[in-house]
Amino acid sequence: MTFAHDTEASLIAAVELVNSAEDPDTLTEIAHLDRFFVQHLYTGVHAGTAAELAAVRALRPALRRMLTSDRDTAVHLVNETLAEHRALPQLVRHGEVDYHIHAVPTDAPLPVRIAVETAMALIDLIRSDDMSRLSICADASCDGIVLDLSRNRSRRYCSTACGNRNAVAAYRARKK
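Structure report, in brief. (Residues numbered from 1 in each chain as written. Predicted model: local features only at pLDDT ≥ 70, side-chain atom pairs only at ≥ 80, totals over all residues. Heavy atoms only, no water.)

1. Overview of the pairing of strand E1 (residues 90-94)
Now for step 1: Relative to strand E2 (residues 97-102), E1 runs antiparallel, the two being bridged by four bridges. When the bridges of E2 are listed, Gln90 appears paired with His102.
Now for step 2: From the end of E1 to the start of E2, which pair antiparallel, there are two residues, and Gly95 there has a positive phi angle of about 55°. (Pairing = 2+ DSSP bridges. Helix = DSSP H or I, 4+ residues; strand = E, 2+ residues; numbered from the N terminus.)

2. Focus: the nonpolar core
Now for step 1: Membership of the largest hydrophobic core comes to 40 residues, with the highest contact counts inside it found for Leu17, Leu67, Ile114, Leu122 and Leu134.
Now for step 2: Counting only elements with at least two residues in this core, the list comes to helix H1 (5-19), helix H2 (30-39), helix H3 (50-68), helix H4 (71-84), helix H5 (110-127) and strand E4 (145-147).
Now for step 3: For this core, the leading source of residues is H5, giving eleven residues.
Now for step 4: In this structure, Leu67 is in contact with Leu11, Ala14, Val15, Val18, Thr118, Leu122, Leu134 and Ile145, ignoring residues within four places of it in sequence.
Now for step 5: Grouped together as the second largest cluster of nonpolar side chains are six residues, Val146, Tyr157, Cys158 and Cys162 included. (Core = buried A, V, L, I, M, F, W, Y, C linked by side-chain atoms within 4.5 Å. Buried < 20%, exposed > 50% of the residue type's maximum accessible area, 1.4 Å probe, protein only. Contact = heavy atoms within 4.5 Å.)

3. Brief notes about the state of the cysteines
Now for step 1: According to the stated counting rule, one finds zero disulfides in the structure shown.
Now for step 2: With no disulfide of its own, Cys142 lies 3.6 Å from the sulfur of Cys158, the closest cysteine sulfur.
Now for step 3: Lacking any disulfide linkage, Cys162 is separated from the closest cysteine sulfur, that of Cys142, by 3.8 Å.
Now for step 4: Taking the relative accessible area as the measure of exposure, Cys162 reaches 4% and is therefore buried. (Disulfide = S-S within 2.5 Å.)

4. Details of H4
Now for step 1: The terminal C-alpha atoms of H4, which comprises 14 residues, lie 20 Å apart, in line with the 20 Å expected from a rise of 1.5 Å per residue.
Now for step 2: Among the residues making up H4, those that are buried are Ala74, Leu77, Val78, Thr81 and Leu82. When H4 is viewed along its axis, its buried side chains cluster within an angular range of 130° and face the same direction. Facing away from the buried side of H4, by more than 90 degrees, are the exposed residues Asp72, Ala83 and Glu84.
Now for step 3: Looking at the buried positions of H4, the neighbouring elements they touch are H3 and H5.
Now for step 4: Sitting at the amino-terminal end of H4 is Asp70, which places a side-chain oxygen 3.1 Å from the backbone nitrogen of Asp72.
Now for step 5: Following H4 by one or two positions, Arg86 has its phi on the positive side, about 50°. (Expected span 1.5 Å × (residues − 1). Arc of directions from axis to C-beta. Polar contact = N/O pair within 3.5 Å; in protein donor to acceptor, adjacent residues only side chain to side chain.)

5. Some words on the pattern of salt bridges
Two side chains that carry opposite charge are able to pair once their charged atoms sit near each other.
Now for step 1: Considering all chains together, one arrives at eight salt bridges under this definition.
Now for step 2: Across the pair Arg57 and Asp25 runs a salt bridge whose closest N-O atoms are separated by 2.7 Å. Remark: Asp25 occurs in the loop between H1 and H2 and Arg57 occurs in helix H3; sequence separation between them is 32 residues.
Now for step 3: Residue class for Arg57 comes out partly exposed when judged on its relative accessible area of 28%. (Salt bridge = Lys/Arg side-chain N within 4 Å of Asp/Glu carboxyl O.)

6. Structural notes on the packing of aromatic side chains
Now for step 1: In total, this model carries two aromatic pairs according to the counting rule given.
Now for step 2: Here the aromatic residues Phe36, Phe37 and Tyr42 are joined through ring pairs into a cluster of three or more. (Phe/Tyr/Trp six-rings, centres within 6.5 Å; stacked < 30°, edge-to-face > 60°.)

7. Considerations on the environment of Val92
Now for step 1: Inspection of the secondary structure assignment puts Val92 in strand E1.
Now for step 2: Assessed through its relative accessible area of 23%, Val92 is described here as partly exposed.
Now for step 3: Taking C-alpha positions, Val92 is 9.7 Å from Ala103, a pair spaced eleven residues apart along the chain.
Now for step 4: Sequence-distant contacts of Val92, defined by excluding residues within four places in its chain, comprise Asp98, Tyr99, His100 and His102.

What is shown is where atoms sit, not what they do.
Have a look at this one:
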């Protein structure tokens, strides 16, 4: 199934944000948050402060729960997030991005926008019964989240590094 651009973009951003907490933590400086904001085409308020960085970092465990839950639990967490932030979905268009859904105002704090956009994206996965597109990395030493948007659902590793590490280990095991 092909998802709307904003669904894929929100899921990719959420997975990257959650995985940034894996060792080594890759979201420790305001400059890292600035890059994340630009890379994932967020719009609206971005304070660029230590408080905003701390709030975004604090969001990671809640997003992890949302992304790794079974379908029924994810429904509860999505509904809870949308209600907490009084989400009101509306179609918007800005920049070069065609119509997509925003559910909170652009002046809402960045962590709120991230949480709500993630919840809105999960709605599509839940409705299509596609939660299996989210899993934990197959590397035994990694707890990263894998977002598999491939057609044949073959993605097993959260990053190229994990995939390469396992390929090298398998190669060495075969050569023994």
